[in-house]
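# Structure at a glance
In case you want the letters, here they are:
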Amino acid sequence: MSSSKSTSAERRSSYHHGDLRRAVLTAALDAIAADGPAGLSLRDLARRAGVSHAAPAHHFKDRTGLLTAIAAEGFGLLAEALREAPDLREAGVRYVRFAREHPAHFQVMFSPELLRADDLELTTARTLAADALSAVVAAVDPGDRGPDARLAGIAAWSLAHGFATLLLGHNLDGPVGGQDPEEVFHALTAMLFHSADGERPGRTSGEDRAVGDRPASDRAVGDRPAGDRAAGT
């Protein structure tokens, strides 16, 4: 038996039920980060993870089930990150950070055509993320974000998600350069809209109000996760 086959057999025999599932998820995330989800194969994932060919299907049934589990895990991680944000601007920064640290999750979460939309684990995790985002938006003074919290949330989410998507696609490599993307995003919110104290740099408070009562700090992320909107829910 070759060394590679021996290693694979040893890894396979060392897994218990939970380890097998995690091993397949990890292999899938690595594959998606490298090549995207289009060519994902359960058989190839079994080889990558060093598990039996039947293991991925046993835990996830099919490719859609596997991708749905990845999306559900991603929404759960995003909810955890956003719940710790002290304000909306920081929530936006955490949204961008999540995309950078979990690019494979991020890509799958917002590709509803790849997912099983009625999966309980997915819908539950998505709701947790939505609740976390809604709470941050609701905490902003209506005098700063405007009377329509949902509209403010959409604007905020659009900014954070758009920035994260452009960043992951390397479309901001030139403009951002060697700067910290999170710091760039934080500065961007102050540049485009009101700062946290209700004034835009270079303008007086009165001039700001004439432009509109929607500070970027309060719109750095939306009141519902993008997956909900992308899926049409």
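Residues numbered from 1 in each chain as written. Predicted model: local features only at pLDDT ≥ 70, side-chain atom pairs only at ≥ 80, totals over all residues. Heavy atoms only, no water.

## Here we look at the overall build of the chain
When helices and strands are tallied, the chain shows 14 helices and zero strands. If you list the helices and strands of the chain from N to C, you get α-α-α-α-α-α-α-α-α-α-α-α-α-α. Counting over 233 residues, the chain shows a buried share of 45%. In the chain, of all internal contacts separated by at least 6 residues, the share reaching a separation of at least 24 is 72%. (Helix = DSSP H or I, 4+ residues; strand = E, 2+ residues; numbered from the N terminus. Buried < 20%, exposed > 50% of the residue type's maximum accessible area, 1.4 Å probe, protein only. Contact = heavy atoms within 4.5 Å.)

## Re the nonpolar core
Judged by nonpolar contacts, the single largest core of 60 residues is most densely connected at Leu40, Leu45, Leu66, Leu67 and Ile70. Once residues lying within four places of it in the same chain are set aside, the contact partners of Leu40 are Ala28, Ala31, Ile32, Leu45, Arg63, Leu66 and Leu67. (Core = buried A, V, L, I, M, F, W, Y, C linked by side-chain atoms within 4.5 Å.)

## Regarding the layout of surface pockets
A water-sized probe, rolled over the atoms, reveals where empty space remains. Taken as a whole, the second largest pocket encloses approximately 190 Å³ of empty space. Lining the second largest pocket are Ile32, Ala33, Pro103, Ala104, Phe106, Gln107, Phe110, Ser111, His161, Thr165 and Leu168. Sorting the residues of the lining of the second largest pocket by element identifies helix 2 (17–35), helix 7 (103–109) and helix 10 (149–168) as the ones contributing at least two each. The leading source of residues in the lining of the second largest pocket is helix 7, at four residues. Of the residues that constitute the lining of the second largest pocket, the class distribution is seven nonpolar, four polar and no charged. (1 Å grid on protein atoms, 1.4 Å probe; cavity = no way out; pocket = protein on both sides within 12 Å on 5 of 7 lines; lining within 4 Å. Points joined across faces, edges and corners; volume = space filled by probe spheres on them. Nonpolar A, V, L, I, M, F, W, Y, C, P; charged D, E, K, R; others polar.)

## Observations regarding the packing of aromatic side chains
Each aromatic ring pair is specified by the distance between its two centres and by the angle formed by the two planes. Across all of its chains, the model carries four aromatic pairs by this definition. Following the ring pairs from residue to residue traces out a cluster consisting of Phe75, Tyr95, Phe106 and Phe110. (Phe/Tyr/Trp six-rings, centres within 6.5 Å; stacked < 30°, edge-to-face > 60°.)

## Overview of the environment of Thr127
Of note, Thr127 is situated in helix 8 (residues 120–138). In this structure Thr127 comes out as partly exposed when scored by relative accessible area, which is 42%. As a C-alpha pair, Thr127 and Ala79 span 48 residues in sequence and 8.9 Å in three-dimensional space.

## Examining the confidence of the model for the chain
On average, residues of the chain score 79 in pLDDT, and 75% of them are at 70 or above. Counting contacts from residues 1–15, a segment whose pLDDT is below 50, to residues more than four positions away or on other chains yields 14 contacts. Here residues 195–233 is a poorly scored stretch, pLDDT under 50, and it has 124 contacts once near neighbours within four places are set aside; other chains count. (pLDDT = per-residue confidence, 0-100.)

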